[in-house]
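Chains, contacts and geometry: an overview
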Amino acid sequence: MNKYAKVFTLGLLNALEYRVNFLLTLLSTIFPILIQYFLWSTIFRGNSESEVLGYQFDQIIFYTICAALLSKLVAAGFEYDVSNDVRTGQLSKFIVQPIGYFQYRISSFLGGKIPQIIIVTFILVLILVVVKWVLQLDVEVALLRIAVFFVAVALSIVMNFFIFYCLSTFSFWFVEVWGIFYTFTLLSSVASGGIFPLDMFGQGINKVLDFLPFKYIIFFPINVLNGKLPWAEIANGMMLQLGWILLLFICSKFLWYKGMQRFESVGG
Amino acid sequence: MSIIEVQNLSKQFSYYKKEVGLKSSIKNLFHREALYKQAVKDVSFTVEQGEIVGFLGPNGAGKTTTLKMLSGIIYPTGGNATVLGYKPWERKKAFKQQFSIVMGQKNQLWWDLPANESLNLNRCIYEVSDQDFKMTVEELSELLDVKELLKIQVRRLSLGERMKMELIAALLHKPKVIFLDEPTIGLDLLSQKKIREFFKYYNQQNKVTIVLTSHYMNDIVDLCKRTIIINEGAVVYDGELAKINAMFDATKIVKVTLSQTVSDADLLQYGVIKNVDGLEVTLEIEKEQAKHNIKSMLDHLPILDFTLEDTPIEEGIAAIYQHGRKQA
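Residues numbered from 1 in each chain as written. Chains lettered and ligands numbered in written order. Predicted model: local features only at pLDDT ≥ 70, side-chain atom pairs only at ≥ 80, totals over all residues.

What about the domain arrangement of chain B?
As far as domains go, chain B holds domain 1 (4–244) and domain 2 (250–310). If you average the C-alpha positions of domain 1 of chain B and of domain 2 of chain B, the two centres end up 44 Å apart. (Domains from an automatic or database assignment.)

Right, dumping it as structure tokens:
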């Protein structure tokens, strides 16, 4: 078996081993969703219009649920492993063995995502069915959109990998990186639309966000799903996702090159 | 051509000084004074195929740094080295496939996996064929007595068991050169012995070249004909371990048990008194006079028991460490 296929399988097995953990983290999103539910109920009740910032009540609740699920699905987490490898010198094992660290990390990461994608897909389908046919809410469901949505999500997962792969190079310069990682995760969650739809932030902030990769991680795929975007913009968005992936890839190469120089100079 | 050739290899580390106290901490935010430490300086040696060479030296002497340069983990700041004809720090795949490094203080196995999964991963990494893999694991696990433990998660193994698994993992691809950095550290005597015997056998069977560092004298004495001693980054001795003492002080140690006390003055005729504990006396005698002095001791002193020893190698080595420091 190819070495990276093997690492991919190990990542998958590892995720299966910790499947309950993943289910519990999904379950934990129920509370923020409930809080948002009550928040939006109050807002809509006090408002004479049926729309707030372009969203109807049903739509905003649907967005909140999808965003919570997606946040968990694209989440990285391996940045802590990288930091550990650097701090304890485990990284040198990848220097002396014929295996690339980058290929190892991405294989293991993607392998771990397979069971999670299956779980999230299952839940999402369940929600769509409940929303559409049981609660009869006003949410558009189209099969083609769902298919394209999954392609966008796949790109989001890869994009988020690269963002955090760049971030993980902080480990080379700082011994204690927990705070940096945590803060960054929080900020990126807000900036990617993982909590509120980005329309809420107003034009000024959105102009800034247009130049950042984050909105393509959560905000964009959900807009593909809920029908807010016309097809031309969907195609455009996916091109931008690919562009960001390329840019972040180059960026990570450079940062890792610099980091490894430092790793070697301090003795590994 | 020699398997390992090292010429004037040097490594300089830079680090920052920080003095005690808040004031200097704040000062350090703006300006840090860089200091340099010469971890390895002008080290040269060659190793032939099939040799087992021991690397000795006090902590911080530069043993591990040298091994790290020879395995390509760090770049040297000066000099040159080739291992199997490759410059290690170029990290060619063909080179990586032919050597192994085992560090006693770092583990290379995947903690969450059972040992055989981890070995299997190494099999894929090194592209070892299924058949070779099965044979090697079978043979080595038999030799090291860990066959029953292959299915257990690595984190649940004891230190000695884990080290044995590390060795199997490091030998899967049949390396031609093996670097061992303190492979027996923290192990009990029995495990240490097992691992030494294993390497002795493995070296004879496969004609592999081994470079070994250790603080346990037994590891070096048992395994290595040749020893390179480095101190403060420089080679201070390169040769047979047994000849170290001859180089420095040519003395013998005589331990005697007396039937009644003898005055120090009487003892001093024969040699330097190292220790007196009641009736147990230890003397150090010049080698040239040893034969004569011992004979007259036996004739004139009330001796019950008597042993004759060479100065322990440790003392010769300690002398070399200190000698090197004076030169530096």
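Notes on the packing of helix H4 (residues 57–74) of chain A against helix H12 (residues 219–226) of chain A
A packed helix pair is summarised by two numbers, namely the angle formed by the two axes and the spacing between the axes. All names here are of chain A. Taken N-terminus to C-terminus, the directions of H4 and H12 make an angle of 135°; their axes are 10 Å apart at the nearest point. On the basis of their axis angle, the class for H4 and H12 is oblique. Helix-helix and strand crossings are classified by hand; for H4 and H12 the assignment is right-handed. Contacts from Gln59, Phe62, Tyr63, Cys66, Ala67 and Leu70 in H4 reach Pro221, Ile222, Leu225 and Asn226 in H12. Grouping the constituent residues of the contact of H4 with H12 by class yields 8 nonpolar, 2 polar and no charged. (Axes fitted to C-alpha atoms, helices over the stretch in contact; angles between N-to-C directions. Helix = DSSP H or I, 4+ residues; strand = E, 2+ residues; numbered from the N terminus. Parallel < 35°, antiparallel > 145°, perpendicular 65-115°, else oblique. Left-handed = near helix turned anticlockwise from the far one by under 90°. Contact = placed C-beta atoms within 7 Å. Nonpolar A, V, L, I, M, F, W, Y, C, P; charged D, E, K, R; others polar.)

Some details on the sheet that holds strand S13 (residues 303–310) of chain B
Residues and elements named next belong to chain B. The strand order S11-S12-S10-S13 describes an open sheet built from 4 strands, whose pairing is antiparallel. Taken across any chain shown, the strands that pair with only one partner, and hence form the sheet edges, are strand S11 (272–277) and S13. The mean angle between the axes of side-by-side strands here comes to 20°, regardless of whether they run parallel or antiparallel. As defined by bridge partners, strand S10 (residues 251–258) adjoins S13 across 7 bridges and the pair is classed as antiparallel. By the bridge assignment for S13, Thr257 is matched with Asp305. Along the sheet face, helix H11 (residues 287–300) touches S10, strand S12 (280–286) and S13 and points at about 140° away from the line of S12. (Pairing = 2+ DSSP bridges.)

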